[in-house]
Amino acid sequence: MLEDILAFAALPLAAAVVFTGIHTWFGLQVLRRNVVFADLAQVSALGATVAVVAGHAVQSAAGYAYTLIFTAVGALLLTASRGLARSVRQEAFIGVLYVFATAATVLVVDRSPQGAEHVKKMLVGGILSVTADELLRFVVLYSVIGAVHWIIRRPLLAAADNDDGRKNARRYLVWDLVFYLSFGLVVTSSVATAGVLLVFCFLIVPALIGNLFSSRIGAALLIGWLAGAAASAVGIFGSFLLDAPTGAVTVVAFAAALVIAGAIRAFMTAPATERSRNRRVGLHLGGLVFCVVLGLSGAWVIAAPAGDHPILAAIEMAMGIGPDRFMTARERADYLEAALIERRHKTEIDRLYDRERQSRWQGDELTADEIRRMGSMQQTLTEMGRGERFVIDYLRTRGRERERWYVGLPLAAIGFVGAATIARRARRAR
């Protein structure tokens, strides 16, 4: 099965690495321009939506032309906004463009019978469906754009760093236009495959990670490439292991990479004095958050014992003391029996699901009759499990109505007293 996953994930992972390579470079320039939301991806999605409503496939030549034209218009507007901006930040114009593009997309989608599905595809993309021919086109296109940008990198970076107002902005207007047009061409090509959310991650997250560790463009670019490639691999392979949407899992993986990079920068690679201060602040903040969550959890147990209490459930699991300890002997017996039956039903449902998934992976397809019987059995077991879950929830509520005074009240007191103590010590440390 591992070999099948590796073979199936090879092309999507290669595409993600290629996307990371070109988007990190553009992301570093976007960050230098202080316009993080220079998001031509939404304008590109609007063009693709118009193409779909007009009857063209997104991957067709006509669909690509629609998307490219809309993106080029967006690039012209972004360039003009920088040339005209004096007392107003360019990001304000970008925000207006983003809102307009989003609203226009909603209006256009409203006329399409497959509107909801199209919006979902535009957001999360379909990177798993990338083909070898598409990957080759990406490599050729992005290599040409990357080579051109490398040749003209000095004026491009000078234009990105320029923030001296309208007069100097006009000097770099041509280079701004070159940047936004090439940026739009890259985004147009990648949004149709990777989706708006993932393209934004390719653009911003590796660039942010690179800037965390170096102000030099070369070093930041290399660090961003490595971090983006690692996050892409974790997201794609993680989606297979979790059997979850690849785009969404990869976005989460990029967010996790940024958090990890921030922690490394703050607690390990920062200057000694800054590192010591960060660790002290981190300990105070972490302890304060933990105590507040603990106190609120205890208060919530007291106020609504029938609700969901994940913190209390974790404490019960760690200490081996559950709500059944506060039930009568008859209630405890019914509670444990219902939990046992529910686990048995869930195990059987998981077995049927694994059998169906294994048949898809190994190519041994089930017959239509077998699929119907398995679906009917899963539905029956699910309904029976819901009955047992109702019994479990009812009896747990009865137990927690008594438990709240023995566990919830001390939990709230410990949490709020601890939070007050940490806050007082933090003020003194200042």
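Asker: Mind laying out the overall build of the chain, listing which residues take part and the relevant values?
Answerer: What the chain contains, in helices and strands, is 16 helices and zero strands. Of all 430 residues assigned to the chain, the portion counted as buried reaches 40%. In the chain, the proportion of contacts linking residues at least 24 apart, taken out of those at least 6 apart, comes to 76%. Carbon together with sulfur atoms contributes 66% to the accessible area of the chain, which is approximately 23,700 Å² in total.

Asker: Would you mind going over the environment of Phe-100 in detail, with residue names and values included?
Answerer: Take Phe-100: it is sitting in helix H4 (residues 90-109). The class for Phe-100 is exposed, based on a relative accessible area of 54%. Linking Phe-100 and Val-43, residues 57 residues apart in sequence, is a C-alpha distance of 8.9 Å.

Asker: So what's going on with the layout of surface pockets? Which residues, and what values?
Answerer: In this model, the largest pocket occupies a volume close to 470 Å³. In terms of lining, the largest pocket is formed by 22 residues, of which the most central are Glu-316, Tyr-335, Arg-389, Arg-396 and Arg-400. Elements with a contribution of two residues or more to the lining of the largest pocket: helix H14 (310-319), helix H15 (329-362) and helix H16 (368-429). Looking at which element gives the most residues to the lining of the largest pocket, the answer is H16, with six residues. Here the lining of the largest pocket is composed, by residue class, of ten nonpolar, three polar and nine charged.

Asker: Lay out helix H6 (residues 132-151) in plain terms, naming residues and giving numbers.
Answerer: With 20 residues, H6 should cover 28 Å at 1.5 Å per step; its first-to-last C-alpha distance of 29 Å lies within 8% of that length. Taken residue by residue, H6 has Glu-134, Leu-135, Phe-138, Tyr-142, Ile-145 and His-149 as its buried positions. For H6, the angular spread of the buried residues around the axis is 105°, confining them to a single face. Projecting away from the buried face of H6 at angles above 90 degrees are the exposed residues Asp-133, Leu-136, Arg-137 and Ile-151.

Asker: Explain helix H12 (residues 246-269) residue by residue, including any values.
Answerer: For H12, with 24 residues, the first-to-last C-alpha span of 32 Å sits near the 34 Å given by 1.5 Å per residue. Looking only at H12, the buried set comprises Thr-246, Gly-247, Val-249, Thr-250, Ala-253, Phe-254, Ala-257, Ala-261 and Ala-266.

Asker: Report on the pattern of salt bridges, specifying residues and quantitative values.
Answerer: Evaluated as defined, the whole model comprises nine salt bridges. Across the salt bridge formed by Arg-351 and Glu-348, the nearest N and O atoms sit 2.6 Å from each other. In this pair, Arg-351 and Glu-348 both sit in helix H15, three residues apart, roughly one turn of the helix. In this structure, the salt-bridge partner of Arg-396 is Asp-393, at a minimum N-O distance of 3.2 Å. Of this pair, Arg-396 and Asp-393 both sit in helix H16, separated by three residues, roughly a single helical turn. Sharing partners across several salt bridges, the network here consists of Glu-342, Arg-389, Asp-393 and Arg-396.

Asker: With reference to specific residues and values, describe the nonpolar core.
Answerer: Phe-19, Phe-26, Tyr-142, Phe-179, Phe-183, Phe-202 and Phe-254 are the most contacted members of the largest nonpolar core, which totals 50 residues. Per-element accounting of this core gives the leading share, twelve residues, to helix H1 (residues 2-32). Once residues within four sequence positions are removed from consideration, Phe-179 is found in contact with Phe-26, Gln-29, Val-30, Arg-33, His-149 and Leu-156. Listed in part, the six residues of the second largest apolar core include Met-327, Ala-338, Ala-339 and Ile-392.

Asker: Can you break down the packing of helix H10 (residues 196-213) against helix H11 (residues 217-242) residue by residue, with the values?
Answerer: In helix packing, the relevant descriptors are the interaxial angle and the interaxial distance, both defined with respect to the helix axes. At a minimum axis distance of 7 Å, the contact between H10 and H11 shows a crossing angle of 130°. Overall, the two elements H10 and H11 adopt an arrangement that is oblique. Like other packed secondary-structure pairs, H10 and H11 cross with a definite hand, here right-handed. Facing Phe-202, Pro-206, Ile-209, Gly-210, Asn-211 and Phe-213 of H10, the residues of H11 in contact are Ala-220, Ile-223, Gly-224, Ala-227, Gly-228 and Ser-232. In terms of residue class, the contact of H10 with H11 is built from seven nonpolar, five polar and no charged.

Asker: Break down a positive patch on the surface for me, citing the residues and quoting the values.
Answerer: Side chains of Arg-424, Arg-425, Arg-427 and Arg-428 sit close together on the surface and give a patch of like positive charge. Turning to its location among the elements, Arg-425 is positioned in helix H16.

Asker: Give a detailed account of the packing of aromatic side chains, specifying residues and quantitative values.
Answerer: In the structure shown here, the tally under the stated rule is ten aromatic pairs. Measuring from centroid to centroid gives 5.5 Å for Phe-26 and Phe-183, while their planes differ by 20°, and the two rings are stacked. One end of the pair, Phe-26, is in helix H1; the other, Phe-183, is in helix H9 (residues 173-194), and 157 residues separate them in sequence. Side by side, Phe-26 and Phe-183 carry an identical accessibility label, which is buried.

Asker: Give me the side chain of Glu-388: which residues, what numbers.
Answerer: For Glu-388, the position within the fold is in helix H16. One buried charged residue, Glu-388, forms no salt bridge at all, with the nearest opposite charge on Arg-344 at 8.7 Å. Ignoring anything within four residues of it in the chain, the contact list for Glu-388 reads Ala-338, Ile-341 and Glu-342.

Asker: Tell me about a nonpolar patch on the surface, residues and numbers included.
Answerer: A cluster of nonpolar side chains, Phe-213, Ile-260, Ile-264, Phe-267 and Met-268, forms an exposed patch at the surface whose accessible area comes to about 440 Å². The element contributing the most residues to the nonpolar patch is H12, with four residues. Tracing the backbone through its elements, the reader meets Met-268 in helix H12. Classification of Met-268 by relative accessible area gives exposed; the value is 58%.

Asker: Explain the packing of H12 against helix H13 (residues 272-303) residue by residue, including any values.
Answerer: Their axes nearest at 7 Å, the elements H12 and H13 cross at an angle of 120°. Classified by the angle their axes make, H12 and H13 are oblique. When H12 is examined against H13, the residues Arg-265, Ala-266, Phe-267, Met-268 and Thr-269 are found in contact with a partner set consisting of Glu-274, Arg-275, Asn-278, Arg-279 and Gly-282. For the contact of H12 with H13, a count of residues per class yields three nonpolar, three polar and four charged.

What counts, and at which threshold
Residues numbered from 1 in each chain as written. Predicted model: local features only at pLDDT ≥ 70, side-chain atom pairs only at ≥ 80, totals over all residues. Heavy atoms only, no water. Helix = DSSP H or I, 4+ residues; strand = E, 2+ residues; numbered from the N terminus. Buried < 20%, exposed > 50% of the residue type's maximum accessible area, 1.4 Å probe, protein only. Contact = heavy atoms within 4.5 Å. Areas by Shrake-Rupley, 256 points an atom, 1.4 Å probe, with all protein chains shown as cover. 1 Å grid on protein atoms, 1.4 Å probe; cavity = no way out; pocket = protein on both sides within 12 Å on 5 of 7 lines; lining within 4 Å. Points joined across faces, edges and corners; volume = space filled by probe spheres on them. Nonpolar A, V, L, I, M, F, W, Y, C, P; charged D, E, K, R; others polar. Expected span 1.5 Å × (residues − 1). Arc of directions from axis to C-beta. Salt bridge = Lys/Arg side-chain N within 4 Å of Asp/Glu carboxyl O. Core = buried A, V, L, I, M, F, W, Y, C linked by side-chain atoms within 4.5 Å. Axes fitted to C-alpha atoms, helices over the stretch in contact; angles between N-to-C directions. Parallel < 35°, antiparallel > 145°, perpendicular 65-115°, else oblique. Left-handed = near helix turned anticlockwise from the far one by under 90°. Patch = residues over 30% accessible without salt bridge, like charges linked within 9 Å, V, L, I, M, F, W, Y side chains within 5 Å. Lys, Arg positive; Asp, Glu negative; His and termini not counted. Charge placed at Lys NZ, Arg CZ, Asp CG, Glu CD. Phe/Tyr/Trp six-rings, centres within 6.5 Å; stacked < 30°, edge-to-face > 60°.

Distances and angles like these do not, on their own, reveal function.
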